[in-house]
Amino acid sequence: NAGVTQTPKFRILKIGQSMTLQCTQDMNHNYMYWYRQDPGMGLKLIYYSVGAGITDKGEVPNGYNVSRSTTEDFPLRLELAAPSQTSVYFCASSYSRERGTYEQYFGPGTRLTVT
Amino acid sequence: QKEVEQDPGPLSVPEGAIVSLNCTYSNSAFQYFMWYRQYSRKGPELLMYTYSSGNKEDGRFTAQVDKSSKYISLFIRDSQPSDSATYLCAMNSGGYQKVTFGIGTKLQVIP
């Protein structure tokens, strides 16, 4: 199993450009997440999905969009990139137990700079 | 007040030392507790997972939860330079609630 994979690893965007961060998992997990990690700020949840066709906002969704057409893929779209979106982005997935879902498995991250 | 408080460090220890990493939290509904290790420029990887209060041991690692004090710890015995990383605590209240992460403690083990 490859686990959670993310592409690209690095990207530099100009202000106002758009891009899609790709995330794929091969563990058949129904829950998937997007986080951003900034120095001293910890992981902030952007969006999450509980299954194909179902997505919901996290703590910091502004400026981002997501879709979930398959169990495996959960792309994150940045429209009109701004310097405040300079960050490291992590995708994660988790599976459901009978009492809920908690431990998450993370991808290697995408390091994004907006200038 | 943040839901989860974690000292960012850095914490420097000599090789072979016992390391204690801690988090406090304010939400009494939290009952699932996790520790993640994150190497520089990598994604977090799950180290330990515990439910409710008590201890859990896995090799050189011991996770401890004291719900009465809202305090969790991760102990690393016989620390190695390869343990140098940032350690994030994480917790949630069960069901399908979101996981809340600490900001991470940076640990450096000096050979």
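Presented here is a report on the structure given in the accompanying data block. (Residues numbered from 1 in each chain as written. Chains lettered and ligands numbered in written order. Predicted model: local features only at pLDDT ≥ 70, side-chain atom pairs only at ≥ 80, totals over all residues. Heavy atoms only, no water.)

So, about the sheet that holds strand E8 (residues 71-76) of chain B. Residues and elements named next belong to chain B. Ordered by their spatial adjacency, five strands build an open sheet running E1-E3-E8-E7-E6, and the pairing between neighbours is antiparallel. With one partner strand each, in any of the chains shown, strand E1 (4-5) and strand E6 (54-58) form the two edges of the open sheet. As paired elements, E6 and strand E7 (residues 61-66) share five bridges and run antiparallel to each other. Looking across to E7, one finds that aspartate 58 is bridged to phenylalanine 61. (Pairing = 2+ DSSP bridges. Helix = DSSP H or I, 4+ residues; strand = E, 2+ residues; numbered from the N terminus.)

A separate point is the interface of chain A and chain B. Contacts between chain A and chain B engage 24 residues on the former and 22 residues on the latter. Together, the buried faces of chain A and chain B total about 1,800 Å²; carbon and sulfur atoms form 58% of this surface. Inspection of the chain A/chain B interface yields zero salt bridges. In this structure, the connection of chain A to chain B is made through two residue pairs in polar contact (both at pLDDT 80 or more). Broken down by secondary-structure element, the contributors of at least two residues to the side of chain A that touches chain B are strand E4 (31-38), strand E5 (42-51) and strand E10 (105-106) of chain A. (Contact = heavy atoms within 4.5 Å. Buried area = accessible area lost by both parts, 1.4 Å probe. Salt bridge = Lys/Arg side-chain N within 4 Å of Asp/Glu carboxyl O. Polar contact = N/O pair within 3.5 Å; in protein donor to acceptor, adjacent residues only side chain to side chain.)

A few words on the packing of aromatic side chains. As enumerated under the stated definition, the model contains 13 aromatic pairs over all chains in all. Consider the rings of A:Tyr31 and A:Tyr33, whose centres lie 6.5 Å apart with planes at 25°: the pair is stacked. In this pair, the class of A:Tyr31 matches that of A:Tyr33, namely buried. Aromatic pair B:Tyr36 and B:Phe101: ring centres 5.6 Å apart, planes at 50°, arrangement tilted. (Phe/Tyr/Trp six-rings, centres within 6.5 Å; stacked < 30°, edge-to-face > 60°. Buried < 20%, exposed > 50% of the residue type's maximum accessible area, 1.4 Å probe, protein only.)

Applying the stated rule across the entire model yields two disulfides over all chains. Paired by a disulfide, A:Cys23 and A:Cys91 hold their sulfur atoms 1.8 Å apart. Between A:Cys23 and A:Cys91, the S-S dihedral sits near -70°, and the bridge is therefore left-handed. Taken together, the residues span a long stretch of sequence, with A:Cys23 in strand E3 (residues 19-25) and A:Cys91 in strand E9 (residues 87-94) at a distance of 68 residues. Neither A:Cys23 nor A:Cys91 differs from the other in exposure class; each is buried. Covalent S-S linkage joins B:Cys23 and B:Cys89, the inter-sulfur distance amounting to 2.0 Å. On the sign convention where negative is left-handed, the bridge of B:Cys23 and B:Cys89, at about -100° about the S-S bond, is left-handed. Placement of B:Cys23 in strand E3 (residues 19-25) and of B:Cys89 in strand E9 (residues 85-92) is noted, with a sequence separation of 66 residues between them. Here B:Cys89 falls in the buried class, since its relative accessible area comes to 0%. (Disulfide = S-S within 2.5 Å.)

Just distances and angles here, no functional claims.
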